2 protein chains.
Amino acid sequence: MELFKEVSSGIRPLDQEKMKAARARVDNLTKPVGSLGRLEDIAVQLSGITGEMFSQVDRKTLIVMAADNGVYDEGVAAYPQEVTGIIARCMIQGIAGVSVFARLWGVNLNVIDVGIKGEEELKGVENRKIMHGTGNMVKGPAMSREQAVKAIETGIQAVFEAVEGGSGIIATGEVGIGNTTTSSAVLSVLENVSPREVTGRGAGLDDMGLEQKIRTIEKAIEINEPDREDVVDVLSKVGGLDIAGMVGIYLGAAYKRVPVVIDGFISSVAALAACRLNPLAHGYMFPSHRSAEKAGDLVMERLGFKPYLDMQMRLGEGSGAIIAMQIIEAAARMMQDMKTFDEIGIARQSG
Amino acid sequence: MELFKEVSSGIRPLDQEKMKAARARVDNLTKPVGSLGRLEDIAVQLSGITGEMFSQVDRKTLIVMAADNGVYDEGVAAYPQEVTGIIARCMIQGIAGVSVFARLWGVNLNVIDVGIKGEEELKGVENRKIMHGTGNMVKGPAMSREQAVKAIETGIQAVFEAVEGGSGIIATGEVGIGNTTTSSAVLSVLENVSPREVTGRGAGLDDMGLEQKIRTIEKAIEINEPDREDVVDVLSKVGGLDIAGMVGIYLGAAYKRVPVVIDGFISSVAALAACRLNPLAHGYMFPSHRSAEKAGDLVMERLGFKPYLDMQMRLGEGSGAIIAMQIIEAAARMMQDMKTFDEIGIARQSG
């Protein structure tokens, strides 16, 4: 609890002075002003985050939060619950989507078990199990308040370790059968939008499955009465350990002044929750892709982000965030390796 | 002329059988069907292009066509004409935008001088100069029909050399003060849309400059009377050597069955021209980013492409295409390094 309080209240604003200096350099690089568009904005934001003109983001870590959800029992998922563990194992073996991309781009992949169901020890997966899957939220809270805080602190600690290990940028990812259900529930409560409006087909539900999912979320909210002004209450009652863990990643990254990349729908909902806990966390975040999950656009809108990529992806795992990491690294390189007109000895001319 | 004819008429359709086989594999990889969205479509298209299940795109070349435009004299550009050569030199020195990204991602950068004005030999830039800048198109054709064909063939040959050197994917780029003017002129004629509708601010024109640019394009079209059914006629009369060179890149890549990535506005107009010469070229192309230049969206629409990236970029040089190259490489890796449910010994279950 101490760590959570310290970190969530200890986030500072972006460094405005450094951002001004960064913008001045960007505007003087040998290209028309503004012609590298959002790459320029990224570079300026990076300076605001790190307090440096040249931000070091070449060492990159993707943290994946893996957990099971008790609400699975309500028949809300297109895949069997064992798939959570199977995919976590595939990640370690390097054959899951995101691990293929991590290898391609030299991104350190840290898969954390915050609550996969079952006793099996998954080799290579970091065991930080808080429970063996959450409780079924239509029958009571998914977890206790203490467990939610513990999940958040697990995310914070994972960032601290990554940063100590030299990482200059963090991306978020998750795997957990049933976690679009919990994400839609959290979003519905936090934004006060009906479950029907924010619930989609997840990994591939049919019409009947979708109706069942909506009813399940409605019931879970009705039974648990989460207090939308109390984010931890919402996360514990109708959320998941993976979502809470990612909230911790965002808070920890902001606290450590390290850029952090949002992935898809589930990751965006966690970002929204983190911003509610401390609005200053927003400045440390970067969007990545436009999720194909139904309420993906709505969360991005509420967060005030416009994704860089439109790939019609809805895999999760951090698969969109890891692509955006490359774009952010390119922005940092632009800042460092391009030269200003002054530096190459030519007067800026334009008309 | 022989090479141009052989290549533009020798492009074959995509391999439909291989695409079917590729789709079957993609659908069986350990992820929900369709969840990697457009990455999946890219992988399937790659198989149609190369005729292989696993396309080798790890060796990558960006070909930049550099040339000057006589229409510069009409005051249509925001930067002085010398900037073409300066930026070409910056590319070789590794400090231009696109060369920074090429170094980051291990992309071979080939800068070709198809017609920079002046006698200066630019060290490291491949000298394939066809003329010392085109003629001023408001006073007559920018170049002769023969010169346009020679520029196209220069692009074709550059691709042939890159492929012989082992490259499995090509991206297009350009630098040339005045080339949004020529691109808008070519687009206006090919698509039969008024110059006003397709002319933007390029590298940063003000309102007066923009009006002058529109009038210039109108005048050039009026004087030259290009035949919109004859693409080479259009390119030679109101186009540029860089555009023609890129047309050759598209045709050459399609002929050699190698994927080729479109960059921004100028590069898109060249892609459109290549598709007019042979509609089969379309299957070998990939979009990249949404250009911030005025008619960028219109060309993409006419080409039937939806860009992957929205970065508000308008630099050219291949700076958007080189980012998309990473995405295409990721799709190829997905195909090769992810496993099917069968391969990991698990029955696909869903529903």
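Residues numbered from 1 in each chain as written. Chains lettered and ligands numbered in written order. Predicted model: local features only at pLDDT ≥ 70, side-chain atom pairs only at ≥ 80, totals over all residues. Heavy atoms only, no water.

A.B. asks: Would you explain the overall build of chain A in this entry?
C.D. replies: The helix and strand tally for chain A stands at 14 helices and 8 strands. For 351 residues, the compact-globule estimate of 2.2 N^0.38 gives 20 Å, and chain A sits close to it at 20 Å. In chain A, the proportion of contacts linking residues at least 24 apart, taken out of those at least 6 apart, comes to 75%. Accessible surface for chain A amounts to roughly 12000 Å². Of this, 48% is attributable to carbon and sulfur atoms. (Helix = DSSP H or I, 4+ residues; strand = E, 2+ residues; numbered from the N terminus. Rg over C-alpha atoms; globule rule 2.2 N^0.38 Å. Contact = heavy atoms within 4.5 Å. Areas by Shrake-Rupley, 256 points an atom, 1.4 Å probe, with all protein chains shown as cover.)

A.B. asks: What exactly am I supposed to notice about the packing of helix α6 (residues 145–164) of chain B against helix α11 (residues 241–255) of chain B here?
C.D. replies: When two helices pack together, their arrangement is given by the angle between the helix axes and by the axis-to-axis distance. Residue and element names in this part refer to chain B. Their axes nearest at 6 Å, the elements α6 and α11 cross at an angle of 45°. In terms of orientation, α6 lies oblique with respect to α11. Crossing of α6 against α11: the hand is right-handed. Between α6 and α11, the contacting residues are Gln147, Ala148, Ala151, Ile152, Gly155, Ile156, Val159 and Phe160 on the first element and Leu241, Ala244, Gly245, Val247, Gly248, Ile249, Leu251, Gly252, Ala253 and Tyr255 on the second. (Axes fitted to C-alpha atoms, helices over the stretch in contact; angles between N-to-C directions. Parallel < 35°, antiparallel > 145°, perpendicular 65-115°, else oblique. Left-handed = near helix turned anticlockwise from the far one by under 90°.)

A.B. asks: In this structure, what is going on with the side chain of Gln81 of chain A? I would like to understand it.
C.D. replies: Tracing the sequence through the fold places Gln81 of chain A in the loop between β1 (60–67) and α4 (83–93). Gln81 of chain A has contacts with Asp68, Asn69, Tyr72, Lys117 and Ile177 of chain A, leaving out every residue within four places of it along the chain.

A.B. asks: Explain the relation of the copies chain B and chain A here, please?
C.D. replies: What relates the pair of chain copies is a rotation about an axis plus a shift along that axis. In screw terms, the move from chain B to chain A is a rotation of 180° and a rise of 0.0 Å along the axis, fitting with an RMSD of 0.0 Å. Expressed as a symmetry operation, the mapping of one chain copy onto the other fits a two-fold axis. Nearest to the rotation axis, the C-alpha of Leu309 of chain B is located 2.3 Å from it, this being the minimum over chain B. A share of 96% of interface residues in chain B that are also interface residues in chain A marks the association as one of identical surfaces. (Least-squares fit on C-alpha atoms with pLDDT ≥ 70 in both.)

A.B. asks: I tried to follow the confidence of the model for chain A on my own but got confused; where do I start?
C.D. replies: As a note on interpretation, predicted positions should not be read in detail where pLDDT is low. The pLDDT averaged across chain A works out to 96; a share of 99% of its residues lies at or above 70. Two summary scores accompany this predicted model of the complex, namely pTM at 0.97 and ipTM at 0.97. (pLDDT = per-residue confidence, 0-100.)

A.B. asks: Would you mind showing me how to read the sheet that holds strand β5 (residues 260–261) of chain A here?
C.D. replies: Strands pair in a sheet through their backbones, by hydrogen bonds, and they do so in one of two ways: parallel or antiparallel. All names here are of chain A. Pairing is parallel in the open sheet, where 6 strands are placed in the order β3-β2-β1-β4-β5-β6. In this open sheet, the two strands that pair with only one neighbour each are β3 (126–127) and β6 (285–286). Sheet topology places strand β4 (residues 169–175) next to β5; 2 bridges connect them, and they run parallel. The residue of β5 that forms the bridge with Ala171 is Val261. (Pairing = 2+ DSSP bridges.)

A.B. asks: Help me out: how do you make sense of the pattern of salt bridges in this one?
C.D. replies: A side chain with one charge can pair with a side chain of the opposite charge if their charged atoms come near. Inspection of the entire model under this criterion finds 41 salt bridges over all chains. Across the salt bridge formed by Glu329 of chain A and Lys60 of chain A, the nearest N and O atoms sit 2.8 Å from each other. With Glu329 of chain A in helix α14 (residues 321–337) and Lys60 of chain A in strand β1, this residue pair connects regions lying 269 residues apart in the sequence. Classification of Glu329 of chain A by relative accessible area gives buried; the value is 6%. The exposure class assigned to Lys60 of chain A is buried, which follows from its relative accessible area of 6%. Through salt bridges that share partners, Arg290, Asp297 and Asp310 of chain A together with Lys306 of chain B make up one connected network. (Salt bridge = Lys/Arg side-chain N within 4 Å of Asp/Glu carboxyl O. Buried < 20%, exposed > 50% of the residue type's maximum accessible area, 1.4 Å probe, protein only.)

A.B. asks: Before we go on, may I ask you to explain the sheet that holds strand β4 (residues 169–175) of chain B in this structure?
C.D. replies: Residue and element names in this part refer to chain B. One open sheet accounts for 6 strands, arranged β3-β2-β1-β4-β5-β6; its pairing is parallel. On the outer flanks of this sheet lie β3 (126–127) and β6 (285–286), each paired with one strand and no other. Relative to β6, strand β5 (residues 260–261) is paired through 2 bridges, and the arrangement is parallel. Its bridge partner being in β6, Val261 is matched across the sheet by Phe286. The strands that helix α4 (residues 83–93) touches are β1 (60–67), β2 (108–115) and β4; relative to β2, the one it contacts most, it runs at about 155°.

A.B. asks: Can you help me understand the packing of aromatic side chains in this one?
C.D. replies: Geometrically, a pair of aromatic rings is defined through the distance of the ring centres and the angle of the planes. Residue and element names in this part refer to chain A. All chains considered together, the criterion is met by 4 aromatic pairs over all chains. Taking the centre distance of 5.9 Å and the plane angle of 25° together, the rings of Phe160 and Tyr255 count as stacked. Taken together, the positions of Phe160 in helix α6 (residues 145–164) and Tyr255 in helix α11 (residues 241–255) put the pair 95 residues apart, joining distant regions of the chain. Stacked on the ring of Phe160, the Lys or Arg Lys256 has its end atom at 4.5 Å from the ring centre. (Phe/Tyr/Trp six-rings, centres within 6.5 Å; stacked < 30°, edge-to-face > 60°. Lys NZ or Arg CZ within 6 Å of the ring centre and 35° of its normal.)

A.B. asks: Please clarify how the pairing of strand β8 (residues 309–313) of chain A should be interpreted in this entry.
C.D. replies: For a regular strand, the rule is simple: side chains alternate between the two faces of the sheet. Residue and element names in this part refer to chain A. Counting buried positions along β8 gives 4 out of 5 residues, so the element sits mostly inside the fold. In this structure, strand β7 (residues 289–291) lies alongside β8, joined through 2 bridges in parallel fashion. Following the sheet pairing, His289 is matched in β8 by Leu309.

A.B. asks: Whenever I open this one, the interface of chain B and chain A confuses me. Can you help?
C.D. replies: Size of an interface: often given as the accessible area lost when the parts come together. Contact residues are listed per partner, giving 57 residues for chain B and 55 residues for chain A. Across the chain B to chain A interface the summed buried area is about 4600 Å²; carbon plus sulfur atoms make up 67%. For the pair chain B and chain A, the interface holds 4 salt bridges. With a closest N to O distance of 3.2 Å, Arg103 of chain B and Asp337 of chain A form a salt bridge. (Buried area = accessible area lost by both parts, 1.4 Å probe.)

A.B. asks: Would you mind showing me how to read α4 of chain B here?
C.D. replies: It helps to recall that an α-helix has 3.6 residues per turn; residues three or four apart then point in one direction. All names here are of chain B. Burial of α4 is extensive: 8 of the 11 residues sit out of reach of the surface. The inward-facing, buried residues of α4 abut β1, α5 (97–105), β2 and β4. Of the residues trailing α4, Gly94 is marked for its positive phi of about 80°.

A.B. asks: Would you mind showing me how to read the packing of helix α1 (residues 2–9) of chain A against α6 of chain A here?
C.D. replies: Residues and elements named next belong to chain A. Packing of α1 against α6 leaves a shortest axis separation of 9 Å and a crossing angle of 65°. Of the two possible hands of crossing, α1 and α6 adopt the one that is left-handed. Touching Glu2, Leu3, Phe4 and Val7 of α1 are Val149, Ile152, Glu153, Ile156, Gln157 and Phe160, all from α6. A per-class count over the contact of α1 with α6 returns 7 nonpolar, 1 polar and 2 charged. (Nonpolar A, V, L, I, M, F, W, Y, C, P; charged D, E, K, R; others polar.)

A.B. asks: Looking at this structure, how should I read the environment of Arg145 of chain B?
C.D. replies: Note on placement: Arg145 of chain B falls in helix α6. If we ignore the near neighbours within four places in the chain, the residues touching Arg145 of chain B are Asp230, Val232, Asp233 and Ser236 of chain B.

A.B. asks: When you look at the pairing of β4 of chain A in this model, what are you seeing that I'm missing?
C.D. replies: All names here are of chain A. Where burial is concerned, most of β4 is hidden: 7 out of the 7 residues are buried. Of the two faces of β4, both are covered, the one formed by Ile169, Ala171, Gly173 and Val175 as well as the one formed by Ile170, Thr172 and Glu174. Relative to β4, β1 runs parallel, the two sharing 7 bridges. Each bridged residue has a counterpart across the sheet, and for Val64 the counterpart in β4 is Gly173.

A.B. asks: Would you mind showing me how to read unusual backbone geometry here?
C.D. replies: Residues other than glycine predominantly adopt negative phi, and peptide bonds predominantly adopt the trans conformation. Residue and element names in this part refer to chain A. Even without a glycine there, the phi angle at Gln312 is positive, about 55°. Residue placement: Gln312 occurs in strand β8. Exposure remark for Gln312: the relative accessible area of 39% places this residue in the partly exposed category.

A.B. asks: Teacher, can you tell me more about the environment of Val231 of chain B here?
C.D. replies: Inspection of the secondary structure puts Val231 of chain B in helix α10 (residues 231–238). Leave out the neighbours within four places in its chain, and Val231 of chain B touches Leu190, Ala273, Arg276 and Leu277 of chain B.

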